[in-house]
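Chain by chain, the residues:
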Amino acid sequence: MTYRATGDPRSARTVAALRRGLRALLAERPLDDITVSDLCRAADVRRTTFYTHVASPAALLTDMLVGGVDATLGVDDGEQLDLEALSRRLRDNLVDTFELVARERTLFRAGLDSDASAPLRRALLAMWTLRMQYAMDLMSRAGLAVDDQAWAAVPFGAGGLSTALEAWAHSDDEDSVAWAAAVYAQMPPWWPRPAD
């Protein structure tokens, strides 16, 4: 997170106002043309308050986008899923991710097309890397036996998923189910696939 989560309702309102302000400004101009002063005016907050919560407009957008994507990918650690159910959940989570990106294409394009896009790309790659490691751990606990080269699937899959998300964001395609199925089909041959 780029802002400090304090549990204070005022902080939550400030962050919400900054997010609304950034959305409004991005509807008018590119991220690279949005200054801290612009965002403070749009959100009706002082600069000192802004910097208490976030480092820059690009950092705020990164937090919004990566946080949103990460929220679509959850699998509860306490759930006891067999490989079939787990593969179905992972595939469905991928559909949810692409649906989110489709709804927020303007924001994703603004972030990815910005000169300040490197932190967003790094944060997405880091998020996908953690999610791939977690998925492999869940699959292992569910009984999937993989060879000693399976570790390579984590960086390979994370890079591919990051790039697929970017390609989806820049496309005008609306069929998130087909896109997710095509992306999921690119996973390693040993990666479990749902029967349906």
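The written sequence of each chain sets the order in which its residues are numbered from 1. The model is predicted, so local features are restricted to residues of pLDDT at least 70 and side-chain atom pairs to those at 80 or more, both for listing and for counting; the totals for chains, interfaces and linings are taken over all residues. Note: side-chain values were computed over all heavy atoms of the structure, leaving out hydrogens and water.

(A) Examining the overall build of the chain more closely. Runs of H or I in DSSP of at least four residues are treated as helices and runs of E of at least two as strands, each being numbered from the N terminus. The number of helices and strands found in the chain is nine helices and zero strands. Counting from the amino terminus, helix and strand elements in the chain follow one another as α-α-α-α-α-α-α-α-α. Along the first, second and third principal axes, the C-alpha set of the chain runs to 55 × 35 × 25 Å. Only protein chains enter the accessibility calculation, which uses a 1.4 Å probe; a residue whose area is less than 20% of its type maximum is buried, one above 50% is exposed, and one in between is partly exposed. Per-residue burial over the chain gives 44% buried out of 196 residues.

(B) Broad picture of the nonpolar core. In this structure, L22, W128 and W191 are the most contacted members of the largest nonpolar core, which totals 59 residues. Mapped onto this core, the elements with two or more residues apiece are helix 1 (9-26), helix 2 (36-43), helix 4 (57-72), helix 5 (83-103), helix 6 (105-112), helix 7 (118-141), helix 8 (153-170) and helix 9 (176-184). Here, two residues are considered to be in contact whenever any of their heavy atoms come within 4.5 Å of each other. Setting aside chain neighbours within four positions, we find W191 in contact with L90, M132, A135, M136, M139 and Y184. We define the nonpolar core as a collection of buried residues of types Ala, Val, Leu, Ile, Met, Phe, Trp, Tyr and Cys that are connected through side-chain atoms lying within 4.5 Å of one another.

(C) Structural detail: helix 7. Any helix carries an expected span of 1.5 Å times its number of residues minus one. Between the first and last C-alpha of helix 7 there are 35 Å, a value that for 24 residues agrees with the 34 Å anticipated at 1.5 Å per step. Looking at helix 7, one finds that the buried residues are L120, L124, M127, W128, M132, A135, M136, L138 and M139. Positioned one or two residues after helix 7, G143 has a phi angle of 110°, which is positive.

(D) Fine view of the packing of aromatic side chains. Each pair of aromatic rings taken from Phe, Tyr and Trp, with Trp reduced to its six-membered ring, is defined by centres within 6.5 Å and is described as stacked if the planes are under 30 degrees apart, edge-to-face if over 60, and tilted in the remaining cases. Per the stated rule, a full pass over the model turns up five aromatic pairs. Ring geometry for F98 versus W168: centroids 5.8 Å apart, planes at 65°, classification edge-to-face. Here the residue F98 occupies a position in helix 5, and W168 occupies one in helix 8, the gap between them amounting to 70 residues. On the accessibility criterion, W168 (0% relative accessible area) is buried.

(E) Focus on the pattern of salt bridges. Each reported salt bridge corresponds to a side-chain nitrogen of Lys or Arg within 4 Å of a carboxyl oxygen of Asp or Glu. Per the stated rule, a full pass over the model turns up 12 salt bridges. Note that R29 and E28 form a salt bridge whose closest N and O atoms lie 3.4 Å from each other. Judged by relative accessible area, R29 falls into the partly exposed class, the value being 25%. Put simply, D172 and R109 hold a salt bridge, and the shortest N to O gap is 3.0 Å. Here the residue D172 occupies a position in the loop between helix 8 and helix 9, and R109 occupies one in helix 6, the gap between them amounting to 63 residues.

(F) Structural context of unusual backbone geometry. Its identity is not glycine, yet D44 carries a phi of approximately 55°, on the positive side. Inspection of the secondary structure puts D44 in the loop between helix 2 and helix 3 (47-53).

(G) A look at the packing of helix 6 against helix 8. Only the contacting stretch of a helix is used when fitting its axis, a line to C-alpha atoms as for every element, and angles between N-to-C directions run 0 to 180 degrees. Running from N to C, helix 6 and helix 8 cross one another at 115°; their axes reach a closest spacing of 9 Å. Seen along the crossing, helix 6 lies across helix 8 with a hand that is left-handed. In contact with R105, F108, R109 and L112 of helix 6, helix 8 contributes L165, E166, W168, A169 and H170. Under the scheme applied here, ten amino acids are nonpolar (Ala, Val, Leu, Ile, Met, Phe, Trp, Tyr, Cys and Pro), four are charged (Asp, Glu, Lys and Arg), and all others, including Gly, are polar. Taken together, the residues of the contact of helix 6 with helix 8 break down into five nonpolar, one polar and three charged. Handedness of a crossing is defined here by the sense of rotation of the near helix relative to the far one, left-handed for an anticlockwise turn of less than a right angle and right-handed for a clockwise turn.

(H) Seen up close, the side chain of S117. Tracing the backbone through its elements, the reader meets S117 in the loop between helix 6 and helix 7. Within the structure, S117 has its side chain in polar contact with the side chain of R121 (distance 2.3 Å). The residues contacting S117, other than those within four sequence positions of it, are G111 and L112. The term polar contact refers here to a pair of N or O atoms within 3.5 Å; inside protein, the definition further demands a hydrogen-donor-capable atom paired with an acceptor-capable atom, and it admits residues adjacent in sequence only when both atoms are side-chain atoms.

(I) Quick look at helix 1. With 18 residues, helix 1 extends 26 Å from end C-alpha to end C-alpha; this agrees with the ideal 26 Å at 1.5 Å per step. The inward-facing, buried residues of helix 1 contact helix 2, helix 3, helix 4 and helix 6.

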